[in-house]
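# Architecture at a glance
Residue strings, one per chain:
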Amino acid sequence: MDPRTATRLVVVGQGYVGLPLAVRAVEAGFDVVGFDLDEARIKGLTAGESFVEDVPDAVLQEALRSGRYLPTNEPGRCAGFDVAVIDVPTPLREGNPNLAHVEAAAAMLAQHLRPGATVILESTTYPGTTEELVAPILEDGSGLAAGTDFYLGYSPERIDPGNPTWSLANTPKVVSGVDEASLGAVRAFYDRIVDRTVAVSGTREAELTKLLENTFRHVNIALVNELAMFAGELGIDVWEAIDAASTKPFGYLRFVPGPGVGGHCLPIDPSYLSWKVRRALGQPFRFVELANDINEHMPDYVVHRLVLAFNARGRAVRGATVLLLGLAYKRNTGDARESPGTVIAERLAALGAHVRVADPHLGHDPDGGGALVELSAAELEAADAVVLVTDHDAFDYELVTTHARLVLDTRGRLDGPNVERL
Ligand SMILES: NC(=O)c1ccc[n+]([C@@H]2O[C@H](COP(=O)([O-])OP(=O)(O)OC[C@H]3O[C@@H](n4cnc5c(N)ncnc54)[C@H](O)[C@@H]3O)[C@@H](O)[C@H]2O)c1
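The structure reproduced in this document is the subject of the present report. (Residues numbered from 1 in each chain as written. Predicted model: local features only at pLDDT ≥ 70, side-chain atom pairs only at ≥ 80, totals over all residues. Heavy atoms only, no water.)

Let us look at the pattern of salt bridges. Going through the model one piece at a time under the given rule, you end up with 23 salt bridges. Linking R158 and E213 is a salt bridge whose minimum nitrogen-to-oxygen distance equals 2.6 Å. Taken as a pair, R158 in the loop between β8 (151-154) and β9 (173-177) and E213 in helix α7 (residues 203-234) lie far apart in primary sequence, 55 residues in all. Between R413 and D393 there is a salt bridge, with the nearest N and O atoms lying 3.4 Å from each other. One end of the pair, R413, is in the loop between β15 (407-409) and β16 (419-421); the other, D393, is in the loop between β14 (385-388) and α13 (397-403), and 20 residues separate them in sequence. Accessibility expressed as a relative area gives 33% for R413, which makes it partly exposed. Salt bridges here are not isolated pairs; linked through shared partners, they connect E131, E132, R204 and K276. (Salt bridge = Lys/Arg side-chain N within 4 Å of Asp/Glu carboxyl O. Helix = DSSP H or I, 4+ residues; strand = E, 2+ residues; numbered from the N terminus. Buried < 20%, exposed > 50% of the residue type's maximum accessible area, 1.4 Å probe, protein only.)

As structure tokens, then:
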């Protein structure tokens, strides 16, 4: 099947990555099966309810109305695909890569693989996964050979939830294949989905590209986090220094301190790389390990700063009411996976604080404990301290600085006599 004219697409995994791809492919003219094992998720999608901010309900409903988008948890509906893309989670298990979801997805697709079809892995993973893990599963399950009978490649996902400027369609997409023919097929598919594709020579280079991008962010965030802790001790305003450094038009990229890293990417992806380096070469990837160490420490540092602030006022954390603003790991999203805010809430609760959380994007009670509340003047006045954890645009910051007694700002967003910055 020529990917320039292919019509049947299967997207395995309908999460933050798979759902936007499915919807975009419908717009591009494909018949799309969105396969996911999560029954509740499929039910919601079938009812036109999106859980991903970047895919508004109206866009999902339009895709459903077109008759060319089928969310399903029945593997049989994946039969007859021209192109299949794997977008399943790649978490860590006890610090090591857990590729069980990728293996299961490949095994399911192998049952339906036909000569001429294309399979693409998008999940973030260590270099070598496509050729060493996915190819044999597809080949064994189908009796077909990668490169000869079907096309196989890797294309990292760069989706940035909540980013109003860069979407799936206008962000350049790195593409690769296990051979020239596969690269051609993978590229032809994405040329119909995104504005620009960037080919690399092999799947390992494409896999490494994604890990490089995320490790770069992870390490630079760790750098400014450590700087923020030292600057705090030295009585220097790190935020002012960062603003000043950011005026340099070359050779500098702005990163800012925060309460720690969260989500599905930064706390996890660099460890895929260090795992691979240690396993293949027997050496530690020191930058990654140091960055993990610093970034994982940040929630404790936030709590430490709050304890100091209370102490300076002759108060204890025990029995105090602390209002956390934002729990999601990232501004303007409701994604609280691996969120440092959850760790901060747990630590404060363990110290005996009454934790309350205001996060307009969070659809459920905080996992780390604490009550989910609306941000209001009364909530702010009732709190002994307010911690700005996630600087959502939806917050009324004037209300915060007007009514809060003490604000610990971990995002460098607020000013005022009652505000302490990280
Ligand atoms: N979220 C991001 O911003 C982002 C950005 C770039 C890359 N990634 C990477 O993309 C991959 C997917 O991440 P995500 O954020 O979309 O995850 P997610 O948890 O939002 O979605 C994954 C979905 O896959 C489903 N699933 C799991 N195993 C399955 C199987 N065998 N068959 C069918 N469905 C299955 C789950 O039920 C879930 O709905 C990960 O490797 C992640 O690192 C994520």
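Residue N332 is not a glycine yet carries a positive backbone phi of 65°. Looking at the secondary structure, you find N332 in the loop between β11 (321-325) and α11 (340-350). At E338, a position not held by glycine, the phi torsion is positive, near 55°.

Moving on: the sheet that holds β11. Across the sheet, which stays open at both edges, the 6 strands sit in the order β13-β12-β11-β14-β15-β16 with parallel pairing between neighbours. Two strands in the sheet have a free side with no partner beyond their single neighbour: β13 (371-372) and β16. Bridge count between β14 and β15: 3 bridges; the pairing is parallel. The partner of V387 across the bridge, within β15, is L408. Across the sheet, helix α10 (residues 286-312) is in contact with β11, β14, β15 and β16; its angle to β14 comes to roughly 155°. The strands touched by α11 are β11 and β12 (354-358); relative to β11, the strand with the most contacts, the crossing angle is about 180°. (Pairing = 2+ DSSP bridges. Contact = heavy atoms within 4.5 Å. Axes fitted to C-alpha atoms, helices over the stretch in contact; angles between N-to-C directions.)

None of the figures reported here should be taken as evidence of function without further support.
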